[in-house]
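Structure assessment
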Amino acid sequence: QVQLVESGGGLVQAGGSLRLSCAASGSIISISTLDWYRQAPGKQRELVATITGGENTNYAVSVKGRFTISRTNAKNTVYLQMNSLKPEDTAVYYCNAIVLAAGTLRYSSYWGQGTQVTVSS
């Protein structure tokens, strides 16, 4: 089995920064794409940032220039550096990993439990 554990959420004032981490563990053979999503109260979950196995990145328009996604393959960890935070960034942030696990024949999607980010005005 594969587990994803996020950390680094919290309460911050507008204009501040936070760094989220998501560590994958378990019977992992390979991880391809890693994503960060977020879900605000009453809204649908939205894709925030993506990083491929080749470390190509893509961002939602709303966070481009403020957020940076990165990964450490040796540690099976993905990060989201969030700068210049705004109240509208308040949400539960989830990581998602596309993983080839031991004993399986194809990549599957795994989710973390989420971490709360609250930005006060």
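In short, a report on the structure. All values derive from a computational prediction rather than experimental measurement.

**As for the pairing of strand β9 (residues 91–101)**
β9 sits mainly inside the fold: nine of its 11 residues count as buried. Examined bridge by bridge, strand β4 (residues 28–39) and β9 share nine bridges and lie antiparallel to one another. Across the sheet, the residue bridging to D35 is N96, located in β9. Where β9 meets strand β11 (residues 115–120), three bridges bridge the pair, whose relative direction is antiparallel. The partner of V92 across the bridge, within β11, is Q116. Where β9 and strand β10 (residues 108–111) come together, four bridges link them in antiparallel fashion. Bridged to V99 within β10 is S108. Here β9 hands over to β10 after six residues, with G103 in that stretch at a positive phi of 85 degrees.

**Observations concerning the state of the cysteines**
For the structure shown, the criterion picks out one disulfide. Here C22 connects covalently by a disulfide to C95, the sulfurs 1.9 Å from one another. Because the sign of the S-S torsion sets the handedness, a value of about 45 degrees for the bond joining C22 and C95 places this disulfide among the right-handed ones. Residue C22 is located in strand β3 (residues 18–26), and its partner C95 is located in strand β9; the two are separated by 73 residues in the primary sequence. In terms of burial, C22 and C95 fall into one category: buried.

**Focus on the nonpolar core**
Membership of the largest hydrophobic core comes to 32 residues, with the highest contact counts inside it found for W36, L80, M82 and Y93. Those elements that place two or more of their residues in this core are β1 (2–7), β3, β4, β5 (46–51), β7 (67–72), β8 (77–82), β9 and β11. Broken down by element, this core gets its largest block of residues, six residues, from β9. Not counting chain neighbours up to four residues away, the residues in contact with M82 comprise G16, S17, L18, L20, R66, F67, Y93 and V117.

**As for the pattern of salt bridges**
Considering all chains together, one arrives at three salt bridges under this definition. Close ionic contact of E46 with R38 constitutes a salt bridge, the shortest N to O distance being 2.6 Å. For R38, a relative accessible area of 6% corresponds to the buried category. Residue R66 is joined to D89 by a salt bridge in which the shortest nitrogen-to-oxygen separation is 2.8 Å.

What counts and what doesn't
In every chain, residue numbers begin from 1 and rise along the written sequence. Only residues with pLDDT of at least 70 get local features here, since the model is predicted, and only at 80 or more are side-chain atom pairs given and counted; chain-wide, interface and lining totals rely on the full set of residues. Neither water nor hydrogens contribute to the side-chain values; these are computed over all heavy atoms in the structure. Note on classification: 1.4 Å probe, protein chains only; a residue is buried when its accessible area is under 20% of the maximum for its type, exposed when over 50%, partly exposed between these limits. Secondary structure counts use DSSP, requiring at least four H or I residues in a row for a helix and at least two E residues in a row for a strand, with both numbered from the N terminus. Two strands pair under a simple rule: DSSP has to find at least two bridges between them. Any cysteine sulfur atom paired with another within 2.5 Å is treated as part of a disulfide. Take the buried Ala, Val, Leu, Ile, Met, Phe, Trp, Tyr and Cys residues and link them wherever side-chain atoms come within 4.5 Å; each set so joined is a nonpolar core. Contacts are assigned to residue pairs with any non-hydrogen atoms lying within 4.5 Å of each other. By definition here, a salt bridge exists when the distance from a side-chain nitrogen of Lys or Arg to a carboxyl oxygen of Asp or Glu is within 4 Å.

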